[in-house]
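These are the residues of each chain, in order.
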Amino acid sequence: MSTPSEILSPGGERVKIARNYVLLLLTVTYSLSVLDRFLLGILLPQIKAELQLSDSYLGLLSGIAFALFYATLGMPIARLADRYGRKYVIAASLALFSFMTVLCGSAVSFLTLFLARVGVGVGEAGTTPASLSVLSDLFEKQRRSTAMAIFSVGANVGLLIGFLVGGYVAVEYGWRQAFWIVGLPGIIVATVIALTLKEPPRGYADGLASKDGEHDTIAGKSAGTDFLSAVKFLLSQKSYRRNVLGLSMMLFVGTGVIAWLPSFLARSHGMQADEVGRTLGLALGLAGPIGTIVLGGLVADRLSKRDLRWGGWVIGLGALLLIPAYLFVIYAPSGTLAVAAFFIPATLGVFYQGPTVAMTQAASPVSMRATAGALMLLIGNLIGLGLGPLGIGILSDWLEPRFGVDSLRYALLLAPVGAIAGALLYFSATRTLAADIERAERFD
């Protein structure tokens, strides 16, 4: 069932927007972005063999080629989304990264594949911030966590499809065909978005849209706010700043553990790669949606109806529960028990996403919401995705002379330490959230 939301068009006629339809389209877009982003990892062995590339070159393709442009270009593209039509930014960005994914399958050298991966990163930089802005204008504060949580589950869907479809096509037909098959659907979805998605007035769900239904009233406000001033205002919001840093710590913990847990299970428990992939994949596949939708969406929204600060309190409590859960995973007497115990942090370690987006968007002026989403992703990706696996790896090397193959076990203790830091940041953010929301509303 689609939930209609009635608005006034610029001409004065009433128009119904099917909110769940928009949510579905944007979630599919997010799924495709995650699918295209991580497909390369499955195909690296075949690419390495055919193009005769070293692991260093493969590392460049997997990391810098995508991440650097994805993290940095999100901000200027988000400003375009704040000033102009967001659905066209989403559609164009989706079409771009899908087309560049297809081009990856036509690469004949490292350079051509590198440039195609850069294009994927540029395209993906434009979809998520604008999508978060649209969803924030469609769903009220009390329902926003659930909407954002459903949107976030797109990542689990993208990973699942990527591993299943990408792996099968690569084995049966080749790595080039995998890129082609995965890239083409995005071009179709981009066309559907451009033709059917009805963009809500900015600030609609918060009661800030103009009474005559003008869609560009707040966009005009954004046009009068330069980029640096917008960033300065957002970072001056204490709750926004602390929520973003809290998200960065949760990403630091989650990406670091996921990156190194297979190696830990192999070194300390002698588990084989296929067993690790099968069991961890099952844990992540089942736990991710439960944690994201149920805990991070429905529970947070139900509590937030009384007080939006419950989003931060729920995340903080969940982060504290991660501490004994990670300790049990690290010190479990067998690999089987470690994987079974990992179901708990796999659930608790993802539900921060929906409430974090809901709180940061609420503390941002509606004219800056795409920028707020891009800034959050920029900081989160640079700190969390960039430093999490690296920090654990460096610590493991430093501890190896003393602990040998068990050094990774002790390096993973950074996870409960990071969870403590995340909990403190989220608890601290709730102290100024109400005042920051009021200040953001006064700006508009």
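Everything numeric in this text was worked out from a predicted model, so none of it was measured.

Whenever I open this one, the pattern of salt bridges confuses me. Can you help?
Under the criterion given, the structure shown has four salt bridges. Aspartate 406 is the partner of arginine 409 in a salt bridge, and the nearest nitrogen-oxygen pair spans 3.1 Å. Accessibility expressed as a relative area gives 22% for aspartate 406, which makes it partly exposed.

So what exactly am I meant to see when it comes to the nonpolar core here?
Proteins that are soluble and globular tend to have nonpolar side chains buried together. Formed by 109 residues in total, the largest nonpolar core has its most connected members in Leu26, Leu43, Ile47, Phe179 and Ile193. Here this core takes 13 residues from helix α1 (residues 19-51), the largest share from any one element.

Where do I start with the confidence of the model for the protein in this structure?
Detailed reading of the predicted coordinates is not advisable wherever pLDDT is low. Mean pLDDT over the protein stands at 79; residues scoring 70 or higher make up 79%. Per-residue pLDDT stays below 50 along residues 8-15; that stretch engages in 20 contacts with residues further than four places along the chain or on separate chains. Contacts of residues 210-216 to residues separated by more than four positions or lying in other chains number 17 contacts, the stretch itself having pLDDT below 50.

I'm lost on the packing of helix α14 (residues 310-331) against helix α15 (residues 335-348) in this one. Help?
Each pair of packed helices can be summarised by the angle the axes make with each other and by the distance between the axes. One way to put it is that α14 packs onto α15 with a least axis distance of 9 Å and a crossing angle of 165°. Overall, the two elements α14 and α15 adopt an arrangement that is roughly antiparallel. Remark: the crossing between α14 and α15 carries left-handed chirality. Across the interface between the two elements, Gly318, Leu321, Leu322, Ala325, Tyr326, Phe328 and Val329 from α14 touch Leu337, Ala338, Ala341, Phe342, Ile344, Pro345 and Leu348 from α15.

I keep staring at empty space enclosed by the protein and nothing clicks. Help me out?
One pass over the structure, following the stated rule, counts four cavities of 30 Å³ or more. Empty space within the largest cavity amounts to approximately 60 Å³. Lining the largest cavity, in full, are Tyr70, Ala71, Gly74, Glu124, Ala125, Thr128, Pro129, Ala374, Leu377, Leu378 and Asn381. Those elements that place two or more of their residues in the lining of the largest cavity are α3 (64-83), α6 (127-138) and α17 (369-403). With four residues, α17 is the largest single contributor of residues to the lining of the largest cavity. In the lining of the largest cavity, the residues fall into seven nonpolar, three polar and one charged.

Teacher, can you tell me more about the packing of helix α4 (residues 86-104) against helix α5 (residues 110-124) here?
As a packed pair, α4 and α5 sit with axes 7 Å apart at the nearest point and diverge in direction by 160°. Between α4 and α5, the crossing angle belongs to the class labelled roughly antiparallel. Between α4 and α5 lies a crossing whose hand is left-handed. Residue-level contacts link Ser93, Leu96, Phe97, Met100, Thr101, Leu103 and Cys104 of α4 to Leu113, Leu115, Ala116, Arg117, Gly119, Val120, Val122, Gly123 and Glu124 of α5. Residues of the contact of α4 with α5, tallied by class, amount to ten nonpolar, four polar and two charged.

Cut-offs and rules
- Residues numbered from 1 in each chain as written.
- Predicted model: local features only at pLDDT ≥ 70, side-chain atom pairs only at ≥ 80, totals over all residues.
- Heavy atoms only, no water.
- Salt bridge = Lys/Arg side-chain N within 4 Å of Asp/Glu carboxyl O.
- Buried < 20%, exposed > 50% of the residue type's maximum accessible area, 1.4 Å probe, protein only.
- Core = buried A, V, L, I, M, F, W, Y, C linked by side-chain atoms within 4.5 Å.
- Helix = DSSP H or I, 4+ residues; strand = E, 2+ residues; numbered from the N terminus.
- pLDDT = per-residue confidence, 0-100.
- Contact = heavy atoms within 4.5 Å.
- Axes fitted to C-alpha atoms, helices over the stretch in contact; angles between N-to-C directions.
- Parallel < 35°, antiparallel > 145°, perpendicular 65-115°, else oblique.
- Left-handed = near helix turned anticlockwise from the far one by under 90°.
- 1 Å grid on protein atoms, 1.4 Å probe; cavity = no way out; pocket = protein on both sides within 12 Å on 5 of 7 lines; lining within 4 Å.
- Points joined across faces, edges and corners; volume = space filled by probe spheres on them.
- Nonpolar A, V, L, I, M, F, W, Y, C, P; charged D, E, K, R; others polar.

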